[in-house]
Amino acid sequence: MSTFTNGFSVLRHRDFAFYLGARVAATIAVQMQGVAIGWQVYASTGDVFDLGLVGLAQFAPFLALILLAGHAADRHNRRNIVALCYGMQLVCAALLFWLTLSGTVEVGMVLAVLVLFGSARAFMVPASQAIVVNMVPPESLGKAIALNTSTFQLAVILGPTLGGLLYLVGPAAVYGVVAALLSLSIVFMMLTRPIPQSNHVKPISWHTLLEGMHFVRSRPIVLGAISLDLFAVLFGGATALLPAIAADILQVGPTGLGLLRTAIGVGAALTAVGLAFRPITRHVGRAMFIGVAVFAAGTIVLGLSGSLMLSLGALFLMGAGDMVSVYIRHMLVQLETPDAIRGRVSAVNAVFIGASNELGEFESGLTAGWFGLTRALLFGGVATLAITGLWWARFPVLRKMDRFPDPNTDSDPKEASSPFAALAAKRRGESPR
């Protein structure tokens, strides 16, 4: 089998193929919708503060509900949760379509719709992350995660472009296509038949809600990987400054800004495709630290750059380094976590990622206001390198990790094993451990 064919061999698992199709269609739809909402709101008010409210309206319910959503992902059928969330997002697209056609688009009404959208996203993220391990056998999980991540990045690149082109016809056209794509996602998701998950979860309580957080704290490898990624993005959040870089440093205008935003996504997507063909199997911990260091170095080069080509190269490296870190972190969360609490641990992971993205953008803007644009970028890159060195010393178990954990062994003897191992045991007439 050729390397190219081998990279896509995971698509032979029909459930994963349908899941991937659903996620790609939904991601493109969400990215298109984001472009339309941004343009529509800013055209209506001309106030950049309203654009900030658009982000807040989606993030606030996500933060408030994510732990509850993680518990739900462990207690209830994850496939049905993801499909239901796509349905809620479909309702949001339909409401935006109706508001546009009726000519009653007001910021308050749009924000109310986005609160519902953010609530659906809160429940979808942990269920969607945790269900991948139920879609493929353990030996295919690495390729599944890499292909899942690479197609997500491609959808993130493609979605805004399609949304911008469709917006030339009108925002209603965008929302109509978004609704169609989300409908397709629901159909694809309901066609999946994932391996039954471990759902022996106690009724909701503070203990069960926080069990994912307790688990992360008890696992130095998982805690080190998640927190390293958190602080790397927190201090290296240069993407929020790209409009200022394009206008004030490179003087390339909106076209150049589009290229800058694309470069980091292309770096991430190509790296993820490469990982699908040749997954990381040795020196896993060292590879994660190298990925974060490359991301930091790219940030420093971006701060020193005065040319468009060098800046594009720096952003490409940032995307590539970040993707290595994301891939390893995601693999560790899936393989180190028992299936019975995978949803709650994925929720903790999602909180860390969401907080680092949002706070990283705020930190970048704050330091740029204090120190100036170039110094803010340099500070972010150097701080990320310092964090990498500190975590290298603080988490030796992560640094020395050679291979990923065996997916067929229990992370915790008190918890259920891999769902595929449990299914195999059941077919042999054995009781799962």
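Structure's up top.
Residues numbered from 1 in each chain as written. Predicted model: local features only at pLDDT ≥ 70, side-chain atom pairs only at ≥ 80, totals over all residues. Heavy atoms only, no water.

1. Structural notes on the packing of aromatic side chains
For clarity, the threshold we go by: In this analysis, rings of Phe, Tyr and Trp, with Trp reduced to its six-membered ring, are considered paired at centre separations within 6.5 Å, and the interplanar angle assigns stacked below 30 degrees, edge-to-face beyond 60, and tilted for intermediate values. Numbering of helices and strands runs from the N terminus; a helix is a DSSP stretch of H or I covering at least four residues, while a strand is a stretch of E covering at least two. We call a residue buried when its accessible area falls under 20% of the maximum for its residue type, exposed when it is over 50%, and partly exposed in between, using a 1.4 Å probe and counting protein chains only. Criterion for a charge above a ring: Arg CZ or Lys NZ at most 6 Å from the ring centre, at most 35 degrees from the ring normal.
The final tally for this structure, using the stated rule, is five aromatic pairs. On the basis of an interplanar angle of 80 degrees and a centroid distance of 6.3 Å, the ring pair of Tyr327 and Phe404 is categorised as edge-to-face. On the criterion of sequence distance, the pair formed by Tyr327 in helix α14 (residues 308-336) and Phe404 in the loop between α17 (396-399) and α18 (419-427) is long-range, its members being 77 residues apart. Comparing Tyr327 with Phe404, the two get one shared label, buried. The cationic tip of Arg394 hangs over the ring face of Phe395; the distance from NZ or CZ to the ring centre is 5.1 Å.

2. Re helix α5 (residues 107-130)
Because each turn of an α-helix spans 3.6 residues, side chains separated by three or four positions end up pointing in the same direction. Definition in use: The span expected for a helix works out to 1.5 Å for each residue beyond the first. Throughout, the bend at a residue refers to the angle made by two axes, fitted to the seven residues ending there and to the seven starting there.
Between its first and last C-alpha atoms α5 spans 35 Å; for 24 residues at 1.5 Å apiece the expected length is 34 Å, and the two agree. Its axis deflected by about 30 degrees at Met124, α5 carries its strongest bend there, up to four residues before the proline Pro126. The buried fraction of α5 amounts to 17 of the 24 residues, a majority that puts the element mostly inside the structure.

3. What to know about the nonpolar core
In globular proteins that are soluble, nonpolar side chains generally tend to be buried together. Under the convention used in this document: We define a nonpolar core as any set of buried Ala, Val, Leu, Ile, Met, Phe, Trp, Tyr and Cys residues linked to one another through side-chain atoms lying within 4.5 Å. The criterion used for residue contact is that any of the two residues' heavy atoms lie within 4.5 Å.
Ranked by internal contacts, the top residues of the largest apolar core, which has 79 residues, are Phe16, Met189, Tyr327 and Ile328. Considering each element in turn, this core owes the most residues, 11 residues, to helix α2 (residues 14-45). Ignoring anything within four residues of it in the chain, the contact list for Met189 reads Tyr19, Ala22, Arg79, Val82, Ala83, Tyr86, Ile131 and Met135. Counting 20 residues, the second-largest nonpolar core is a separate cluster that includes Ile245, Leu257, Leu312 and Ala368.

4. A few points about the side chain of Thr299
Note the cut-off: Under this definition, polar contacts are N or O atom pairs within 3.5 Å; protein pairs additionally need one hydrogen-donor-capable and one acceptor-capable atom, and for neighbouring residues in sequence, both atoms have to be side-chain atoms.
Tracing the backbone shows Thr299 in helix α13 (residues 284-304). Within the structure, the side chain of Thr299 is placed 3.0 Å from the backbone oxygen of Phe295, a separation counted as a polar contact.

5. Some remarks on the environment of Leu158
Locating Leu158 in the fold gives a position in helix α6 (residues 141-167). For Leu158, a relative accessible area of 40% puts it in the partly exposed group. Spatially, the C-alpha atoms of Leu158 and Ile28 are 6.8 Å apart, while their sequence positions differ by 130 residues.

6. So, the side chain of Thr271
Counting through the fold element by element, Thr271 comes out in helix α12 (residues 253-277). Contacts of Thr271, omitting those with residues within four sequence positions, involve Ala320, Met323 and Val324.

It is worth stressing that arrangement in space is one thing and function is another; only the former is reported here.
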